Amino acid sequence: MGLTKQYLRYVASAVFGLIGSQKGNIVFVTLRGEKGRYVAVPACEHVFIWDLRKGEKILILQGLKQEVTCLCPSPDGLHLAVGYEDGSIRIFSLLSGEGNVTFNGHKAAITTLKYDQLGGRLVSGSKDTDIIVWDVINESGLYRLKGHKDAITQALFLREKNLLVSSGKDTVVKWWDLDTQHCFKTMVGHRTEVWGLVLVSEEKRLITGASDSELRAWDIAYLEEIEDVEEPEPKKIKGLSPGMRDRREAEDGTLELDEVPEDRILSCQKAGSIMRERRDRVVNLAIDKTGRILACHGTDSVLEVFCILSKEEIQKKVDKKMKKARKKAKLNSSRGEEEDLEIDVKMSLQDEIQRVTNIKTSAKIKSFDLIYSSQGDLKAVFLLQNNLVELYSLNPSAAAPQPIRTSRITIGGHRSDVRTLAFSSDNIAILSAAADSIKIWNRSTLQCIRTMACEYALCSFFVPGDRQVVIGTKTGKLQLYDLASGNLLETIDAHDGALWSMSLSPDQRGFVTGSADKSVKFWDFELVKDENSTQKRLSVKHTRTLQLDEDVLCVSYSPNQKLLAMSLLDCTVKIFYVDTLKFFLSLYGHKLPVLCMDISYDGALIATGSADRNVKIWGLDFGDCHKSLFAHDDSVMYLQFVPKSHLFFTAGKDRKIKQWDADKFEHIQTLEGHHQEIWCLAVSPRGDYVVSSSHDKSLRLWERTREPLILEEEREMQREAEYEESVAKEDQPAVPGETPGENYFTGKKTIETVKAAERIMEAIELYREETAKMKEHKAICKAAGKEVPRPLNPILMAYGNISPSAYVLEIFKGIKSSELEESLLVLPFSYVPDILKLFSEFMQQGSDVELLCRCLFFLLRIHFGQITSNQMLVPVIEKLKETTISKVSQVRDLIGFNLAGLDYLKRECEARSEVMFFADATSNLQEKKRKRKKREKLILTVT
């Protein structure tokens, strides 16, 4: 075999320039015991943990490929549940930053995640209209709830009852009984999508937000709390809302509980509406953990904050109103007016839920989170549309609460998309420029070292020497900046239209600019006297202009500085001589305008990338087209050769970066990572690094490794990945009683579950072979009349010379808990009899009873018909029945004993801590007395 051309692989090195991406939600997290200081923010496929006080990124929870769409911290503050675009959920430990638990069950993006009060269960809602409840401790799915007809927007566990309430874009709110896993009530009081819901007032009231300016409130009465009809009517003033009272009155005869089956658990009655100031839809509706503060926002930059009064506060208000009403009644009666002295005080919903204030942020709100401290301070953190995180604090109990912005995270990214990138000649600095600012980044630390305000930047480069940068803007200006001071040295009105492209001359004495005003201008660097100081400063001087018939989109010098290529709006590339500006060649063939091009280091080739999705490689000697490559699935936005080679990179609107060989016309590799269209890229002067920018606001750094890349292997890996993807998408086997295509189990078929099933099959086959060999070996020994050495299986030796049956158990233990059911579901029935026989053997040994029971019950459930009709399996099942019942009761007794022991220890600890508590209280009292005495002495000395 001949020597193949060797390429080196580029790999993703880092994501930077991103503070938070738009698709997910921001949440407060507890780290190192501190609340309200750290926030978790989705950042493309990762999650960043930011320190709001220092404005620093302190932890990155590494994702795989899919974008993060939902975050939810666990009640104990130790874990963070992260939902992704493909429907997978990962649970990360905030102490180690590792994601050990993965749940795969949804087919579309996760829209909501919520833990129950203890953190043992997690509910997930998705765009695929399903709700799944997961067991976090056992790392497995419990059940799937189907019923909604559109994407789920919110799902909440109730604290006291085993119920779940969910809302969707199908305009309904559903109540689910989790004991029976069915929907027992559907609320249809909304005309539009229900975008959010919260439970307030000790879960006696539900508040929903829809696509209008109302927040609807519903009173919830649980069946056991609805009083008997024959009880005397309670006093009218006890802080009941009118809705509650009406329902109580209606119970006399109109509401027969047996007639309305869903009212057997609870009944809902509309209590009224709170009007929002904004007319648009509710985007997010949330309460803080204490249930005191309610907040919501629409599609703008205003958060409306409400305060929910407690029972005591409502009672106080009622008493106050009562006093006033009595006073008024007495006054009227003293005047001689006949007044009815029976006073009825009604509390409106607006009295119970009071508007506090509005918080206005600096840009559109994408998501927010609240934390209400015991001191009465409210902290609200916002993730904004323009790649920004802001923290506001507020005292809701003040007479006129004023929100104060306490911190914001801005330096780590641009407010808008980065349109131009450049490397410094020493490979150390990266320049990125957007609509309002230029940032200089240190390539090794990825820290932003300079931020300078600018106009809308379209192109840029470092001036030779790396001390200044030149920016070309949308208004046709050239802006020259000094990096040491960060000052704007000069602004030159270069063109009348957008300045699309610049190219530095190879002799580094000047540059050329191309603009939408149909002209190409040549500029030279010069030193001019600075008015503010004695030293000279850099400036630019306009030397020549070349006028053309069409807008110029891109310009590029040839390395020997003899030719200048420019792409025009008429889909051609024109090449002129630099010295005489005479026309040399016209390259035509693209169907749409050429957006980017580059000339190779030796001046032999020119590559052009167009909006028609093609890349054409041309010879620069005769202008002949060597090859046309279909490069991307959308416009080719940027193209650049790797220095000192004929390899080049292209970036497209299809979110991919591709590397090509211009000599062999081969596609070498694809760099995937961006989640939106890519605007530009830059290759470092030595070709070791590539940096790219995208509409997802992120900048990505790609690094060249020493690992060789063989094209055949690359293609093979690509085919394998495609095959694995297709395997996961195949229809799953339907369990008897199910309709094909509908999945009632919580998991879904993935390549991991298929591999796990294959591992079980291989283990069973090995067990069959080894048992057959053992029988043969015994027969040989019997015939020989002595012990003959038996050849050992290398796999069993690797596991520590275990028996074949023990190896099967090891394989079962090695399967992830969340993938166990799905792996057993794709397992052919021919392996099930052997598994049942082995399970019987393991049960008698009493090893891993819980795992075995879970597998056993699942297999019985899905292969019930075949197992019961198989006469050979009857004795096995009988034996399993006996051993399983006894072993499970043993395990239950053991757990009961342990629980009792833990309870005893808890009581002991509490008894000790109470003693400590009283000791603390005594010392606190003494401290207070000491302080009071000091104060009294001070007052005496002053007087």
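The chain appears in an unreviewed UniProt entry as WD repeat-containing protein 3 from Loxodonta africana. Looking at the chain in UniProt, the text filed under Sequence similarities (unreviewed entry) is "Belongs to the WD repeat WDR3/UTP12 family." In its Subcellular location (unreviewed entry) section, the UniProt entry covering the chain states "Nucleus, Nucleolus".

Caption draft 1: Representation of a negative patch on the surface within the structure. On the surface, a cluster of negative charge is contributed by E758, E762, E765 and E769. Relative to the helices and strands, E769 resides in helix α5 (residues 751-784). E769 gets classed as partly exposed once you look at its relative accessible area, which sits at 46%.

Caption draft 2: Representation of the sheet that holds strand β29 (residues 404-409) within the structure. On the basis of which strands lie adjacent, the open sheet formed by four strands has the order β26-β27-β28-β29 and antiparallel pairing. With partners counted over all chains shown, the strands left at the sheet margins are β26 (365-372) and β29, one partner each. Across the sheet, the mean angle separating the axes of adjacent strands is 20° when strand polarity is ignored. Bridge analysis of strand β28 (residues 388-394) against β29 gives five bridges, and the strand direction is antiparallel. Across the sheet, the residue bridging to E390 is R408, located in β29.

Caption draft 3: Layout of unusual backbone geometry. Positive phi, normally seen in glycine, also occurs at T171, with a value near 70°. Residue position: T171 is located in the loop between β15 (163-168) and β16 (173-177). You can call T171 partly exposed: its relative accessible area is 23%. Of note, the phi angle at E202 is positive, near 55°, even though the residue is not glycine.

Caption draft 4: Looking closely at a positive patch on the surface. Together, K928, K929, K931, R932, K933, K934, R935 and K937 make up a region of like positive charge exposed at the surface. With respect to the helices and strands, K929 occurs in helix α12 (residues 874-942). Judged by relative accessible area, which is 48%, K929 ranks as partly exposed.

Caption draft 5: Highlighting the packing of helix α7 (residues 804-814) against helix α9 (residues 832-845). Look at α7 against α9: their axes get within 11 Å of each other, and the N-to-C directions meet at 95°. Classified by the angle their axes make, α7 and α9 are roughly perpendicular. On the side of α7, the interface is formed by S805, V808, L809 and F812, while α9 contributes I835, L838, F839, E841 and F842.

Caption draft 6: The UniProt feature "domain: Small-subunit processome Utp12" (unreviewed entry) in the chain, seen in detail. As annotated in UniProt, the feature "domain: Small-subunit processome Utp12" (unreviewed entry) corresponds to residues 805-907 in the numbering used here. In this annotation, residues 805-907 is assigned 81% helix and 0% strand; the end-to-end C-alpha distance for the span is 45 Å.

Caption draft 7: Region of the structure containing the environment of T746. With respect to the secondary-structure elements, T746 resides in the loop between α4 (711-729) and α5. Between the C-alpha atoms of T746 and A783, which are 37 residues apart in sequence, the distance is 55 Å. Not counting chain neighbours up to four residues away, the residues in contact with T746 comprise N104, G105, I132, V133, W134, G141, L142, Y143 and R144.

Caption draft 8: View of the packing of α5 against α9. Relative to each other, α5 and α9 sit at 75°, their axes nearing to 11 Å. As summarised for this structure, α5 and α9 are arranged roughly perpendicular, according to the angle between their axes. Here I760, I764, Y767 and R768 of α5 lie close against α9, whose contacting residues are D834, I835 and L838. Across the contact of α5 with α9, the residue classes tally to five nonpolar, no polar and two charged.

Caption draft 9: Examining the nonpolar core more closely. Counting 39 residues, the largest nonpolar core has I760, F812, L824, I835, L836 and F839 as the members making the most contacts within it. Secondary structure elements with two or more residues in this core: α5, α7, α8 (820-825), α9, α10 (849-862) and α12. With eight residues, α10 is the single largest residue contributor to this core. Apart from the residues within four sequence positions on either side, I760 is in contact with I811, F812, I815, L824, L827 and I835. Within the second largest apolar cluster, 18 residues are counted, among which are F368, L378, F382 and Y392.

Caption draft 10: Local environment of the state of the cysteines. Under the definition given, this model contains zero disulfides. The thiol sulfur of C183 is not disulfide-bonded, and the nearest other cysteine sulfur, from C268, lies at 12 Å. Taking the relative accessible area as the measure of exposure, C183 reaches 26% and is therefore partly exposed. Here C554 is not cross-linked by a disulfide; its sulfur's nearest cysteine counterpart is in C596, at 6.8 Å. Judged by its relative accessible area of 9%, C554 falls in the buried class.

Caption draft 11: Expanded view of the domain arrangement of the chain. Here the chain is described as being made up of domain 1 (280-317 + 350-413), domain 2 (414-547), domain 3 (551-716) and domain 4 (751-891). Centre-to-centre separation of domain 1 and domain 3, based on C-alpha positions: 49 Å.

Caption draft 12: Looking closely at α5. Taking 1.5 Å of rise per residue, the 34 residues of α5 would be expected to cover 50 Å, and the 49 Å separating its terminal C-alpha atoms lies within 8% of that figure. At the exit of α5 stands G785, carrying a positive phi of roughly 75°.

Caption draft 13: Representation of the environment of K65. By the secondary structure assignment, K65 is in the loop between β5 (56-61) and β6 (68-73). Here K65 is in contact with E45 and H675, once residues within four sequence places are set aside.

Caption draft 14: Structural detail: the sheet that holds strand β31 (residues 429-433). Read across the sheet, four strands follow the order β30-β31-β32-β33 without closing on themselves; strand pairing throughout is antiparallel. One side of each edge strand has no neighbouring strand; the edge strands of this open sheet are β30 (420-423) and β33 (448-453). Averaged over neighbouring strand pairs, the angle between their axes works out to 15° when direction is ignored. As defined by bridge partners, β31 adjoins strand β32 (residues 437-442) across five bridges and the pair is classed as antiparallel. Bridge pairing links I430 to W441 in β32.

Caption draft 15: Structural view of the confidence of the model for the chain. Taken over all residues, the pLDDT of the chain has a mean of 87, while the share at 70 or more is 91%. Confidence over residues 227-259 falls short of pLDDT 50; this stretch has 39 contacts with residues more than four positions distant or in other chains.

Caption draft 16: Up close: the pairing of β32. Here β32 lies mainly inside the structure; six of its six residues are buried. Neither face of β32 is open: one carries S437, K439 and W441, the other I438, I440 and N442, and all of them are buried. Note: β32 against β33, five bridges, orientation antiparallel. Opposite I438, over in β33, you have M452 as the bridge partner. Where β32 folds back on β33, the antiparallel hairpin that results is connected by five residues, among which L446 adopts a positive phi of roughly 60°.

Caption draft 17: The arrangement of the pattern of salt bridges in detail. Counted under the stated rule, the structure contains 38 salt bridges. D300 serves as the salt-bridge partner of R278, at 3.3 Å between the closest nitrogen and oxygen. A residue pair is termed long-range when its members are at least 10 positions apart, and R278 in the loop between β21 (266-275) and β22 (284-287) and D300 in the loop between β23 (293-297) and β24 (302-308) qualify at 22 residues. R278 gets classed as partly exposed once you look at its relative accessible area, which sits at 28%. In this structure D300 comes out as buried when scored by relative accessible area, which is 18%. Linking D848 and K813 is a salt bridge whose minimum nitrogen-to-oxygen distance equals 3.3 Å. With D848 in the loop between α9 and α10 and K813 in helix α7, this residue pair connects regions lying 35 residues apart in the sequence. The class of D848 is partly exposed, set by a relative accessible area of 31%. Taken together, the salt bridges that share partners define one network made up of E34, R37, D51 and R53.

Caption draft 18: Just the packing of aromatic side chains, in detail. Counted according to the given criterion, the structure contains 14 aromatic pairs. Relative to F649, the ring of Y10 lies with its centre 4.9 Å away and its plane at 90°, an arrangement referred to as edge-to-face. Of this pair, Y10 sits in strand β1 (residues 7-16) while F649 sits in strand β51 (residues 647-652); the two residues are 639 residues apart in sequence, bridging distant segments of the chain. No difference in accessibility class separates Y10 from F649, as the two residues are buried. With a centroid separation of 5.2 Å and an interplanar angle of 65°, the aromatic rings of F461 and F511 are classed as edge-to-face. Taken together, the residues span a long stretch of sequence, with F461 in strand β34 (residues 457-462) and F511 in strand β39 (residues 510-515) at a distance of 50 residues. As far as the burial class goes, F461 and F511 line up, both buried. An aromatic cluster is built from F461, F511, W523 and F525, whose rings are joined through pairwise contacts. The ring of Y222 has K161 sitting right over it, with the charged end atom 4.2 Å from the ring centre.

About the thresholds
Residues numbered from 1 in each chain as written. Predicted model: local features only at pLDDT ≥ 70, side-chain atom pairs only at ≥ 80, totals over all residues. Heavy atoms only, no water. UniProt positions renumbered as here; feature names shortened; annotations may be inferred. Patch = residues over 30% accessible without salt bridge, like charges linked within 9 Å, V, L, I, M, F, W, Y side chains within 5 Å. Areas by Shrake-Rupley, 256 points an atom, 1.4 Å probe, with all protein chains shown as cover. Salt bridge = Lys/Arg side-chain N within 4 Å of Asp/Glu carboxyl O. Lys, Arg positive; Asp, Glu negative; His and termini not counted. Charge placed at Lys NZ, Arg CZ, Asp CG, Glu CD. Helix = DSSP H or I, 4+ residues; strand = E, 2+ residues; numbered from the N terminus. Buried < 20%, exposed > 50% of the residue type's maximum accessible area, 1.4 Å probe, protein only. Pairing = 2+ DSSP bridges. Axes fitted to C-alpha atoms, helices over the stretch in contact; angles between N-to-C directions. Parallel < 35°, antiparallel > 145°, perpendicular 65-115°, else oblique. Contact = heavy atoms within 4.5 Å. Nonpolar A, V, L, I, M, F, W, Y, C, P; charged D, E, K, R; others polar. Core = buried A, V, L, I, M, F, W, Y, C linked by side-chain atoms within 4.5 Å. Disulfide = S-S within 2.5 Å. Domains from an automatic or database assignment. Expected span 1.5 Å × (residues − 1). pLDDT = per-residue confidence, 0-100. Phe/Tyr/Trp six-rings, centres within 6.5 Å; stacked < 30°, edge-to-face > 60°. Lys NZ or Arg CZ within 6 Å of the ring centre and 35° of its normal.

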